[in-house]
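# Structural characterization, general
Now for the letters of each chain:
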Amino acid sequence: TRDPKMEIQMLGVAGAPLNSDFSRPQWRQLCDGPILKPELARERKCIEAPTVLRRDGRLFMFYAGAYNLEPQQIGVAVSDDGLVWQRLCDQPFLPNGKPGDWNSSESGHPGVFQDGDRTWLFFQGNCDKGNTWLLSKTEVFWKAGKPSLTP
C-alpha cells in the first residue's frame, strides 16, 4: 500500500480462507495499519517485494528497501504471528555492490526458497542504472536461529 500522498510504499496484510475461491469478497485486511513501513535511512520511501519463509515456528521476511536504483537493498524482519514484524538489523542483509560491481545500482526484489536443508535467496541486480537486469542467488546460512550470508 501507499500513504495518502502516494509517496511512501509500505506493506499491509490480508487473508482469505484456504477453502475459498480467493475472489475479492473473500479477502479481509488483518490489521489497521502497515506491518512494515520505511523507517531506516537505507529504506528511503519504500518497502516492497516481500518474500516469507517459515523456520522453527517463526516467519522471516526478506524485503526490498528503497525504490529501484536508489539503491535498493535487501533487509530481513522476523515475526511470530505474521502481523507484528521486527527488523533483525539496521544494516542491509544484502547490500548493493560497490562502484563497478555487477550489482552496484541495486540488490533487490528478493525471493527466498527452501530446498531441503538449504536456503537460497534469489535477487536482481544491475550496474547501469537499470539498463541491464541480472538475476543471481546466494545461499543463506542459519546461525542461532537467524539468517546469515556466511557459513
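Below is a short write-up of the structure. This structure is a prediction, so every number in the text was calculated from the model and none was measured.

### Details of unusual backbone geometry
At the junction of glutamate 70 and proline 71, the peptide bond is cis and its omega measures out at 5° in the coordinates. Mapped onto the secondary structure, proline 71 falls in the loop between strand S4 (58-65) and strand S5 (73-79). With phi around 50°, arginine 44 is a residue other than glycine that occupies positive phi space. Mapped onto the elements of the fold, arginine 44 is located in the loop between strand S2 (28-29) and strand S3 (47-55). Non-glycine residue leucine 69 carries a positive phi angle of around 70°.

### Comments concerning the sheet that holds strand S9 (residues 134-143)
Ordered in space as S7-S8-S9-S10, the four strands form an open sheet in which the pairing is antiparallel. At either margin of the open sheet sits one strand with a lone partner, and together these are strand S7 (106-115) and strand S10 (146-148). Each strand of the sheet is rotated relative to its neighbour by a mean of 35°, with strand direction disregarded.

### Considerations on the sheet that holds S5
Spatially, S3-S4-S5-S6 is the arrangement adopted by the four strands of the open sheet, whose pairing is antiparallel. Two strands in the sheet have a free side with no partner beyond their single neighbour: S3 and strand S6 (86-87).

### Some remarks on a nonpolar patch on the surface
Among the surface-exposed residues, Leu18, Phe22 and Trp27 lie close enough to one another that they form a single nonpolar patch of about 360 Å² accessible area. With respect to the helices and strands, the residue tryptophan 27 is situated in the loop between strand S1 (14-15) and S2. Among the residues examined, tryptophan 27 registers a relative accessible area of 38% and is labelled partly exposed.

### Some thoughts on the pairing of S7
Relative to strand S8 (residues 118-126), S7 runs antiparallel, the two being bridged by eight bridges. Residue pairing across strands places valine 112 opposite leucine 121, the latter belonging to S8. What sits between the antiparallel neighbours S7 and S8 is a turn of two residues, in which glycine 116 has the positive phi angle 65°.

### Topic: the pattern of salt bridges
Throughout the structure, instances matching the rule amount to four salt bridges. For the salt bridge of arginine 87 with glutamate 43, the shortest nitrogen-to-oxygen distance reads 2.8 Å. Residue arginine 87 is located in strand S6, and its partner glutamate 43 is located in the loop between S2 and S3; the two are separated by 44 residues in the primary sequence. A residue is classified by how much of its surface remains accessible, and arginine 87, at 17% relative accessible area, is buried. On the accessibility criterion, glutamate 43 (0% relative accessible area) is buried. Between glutamate 139 and arginine 118 there is a salt bridge whose closest N-O contact spans 2.8 Å. Of this pair, glutamate 139 sits in strand S9 while arginine 118 sits in strand S8, and the two are 21 residues apart along the sequence. The class of arginine 118 is partly exposed, set by a relative accessible area of 38%.

Definitions and limits used
- Along each chain, residues carry numbers from 1 onward, in the same order as the chain's sequence is written.
- This being a predicted model, a pLDDT of at least 70 is required before a residue's local features are given, and a value of 80 or more before pairs of side-chain atoms are given or counted; all residues contribute to the totals for chains, interfaces and linings.
- As a rule here, side-chain values come from all non-hydrogen atoms in the structure, and water together with hydrogens is ignored.
- Note on conventions: DSSP H or I runs of at least 4 residues are helices, E runs of at least 2 residues are strands, and numbering of each starts at the N terminus.
- By definition, two strands form a pair when at least two bridges between them are found by DSSP.
- Whenever a helix is involved, its axis is fitted only over the stretch in contact; in every case the axis is a line through C-alpha atoms, and angles between N-to-C directions fall within 0 to 180 degrees.
- Within this analysis, patches are made of residues with over 30% relative accessible area and no salt bridge. Like charges are joined at 9 Å or less; nonpolar side chains (Val, Leu, Ile, Met, Phe, Trp, Tyr) at 5 Å or less.
- Areas reported as accessible are Shrake-Rupley estimates using a 1.4 Å probe. Residue values count occlusion only from the protein chains shown.
- One speaks of a salt bridge when a side-chain nitrogen belonging to Lys or Arg is within 4 Å of a carboxyl oxygen belonging to Asp or Glu.
- Relative accessible area decides the class of each residue, using a 1.4 Å probe on protein chains only: under 20% of the type maximum gives buried, over 50% gives exposed, and in between gives partly exposed.

Everything listed here is a matter of coordinates, which is why it stays silent on function.
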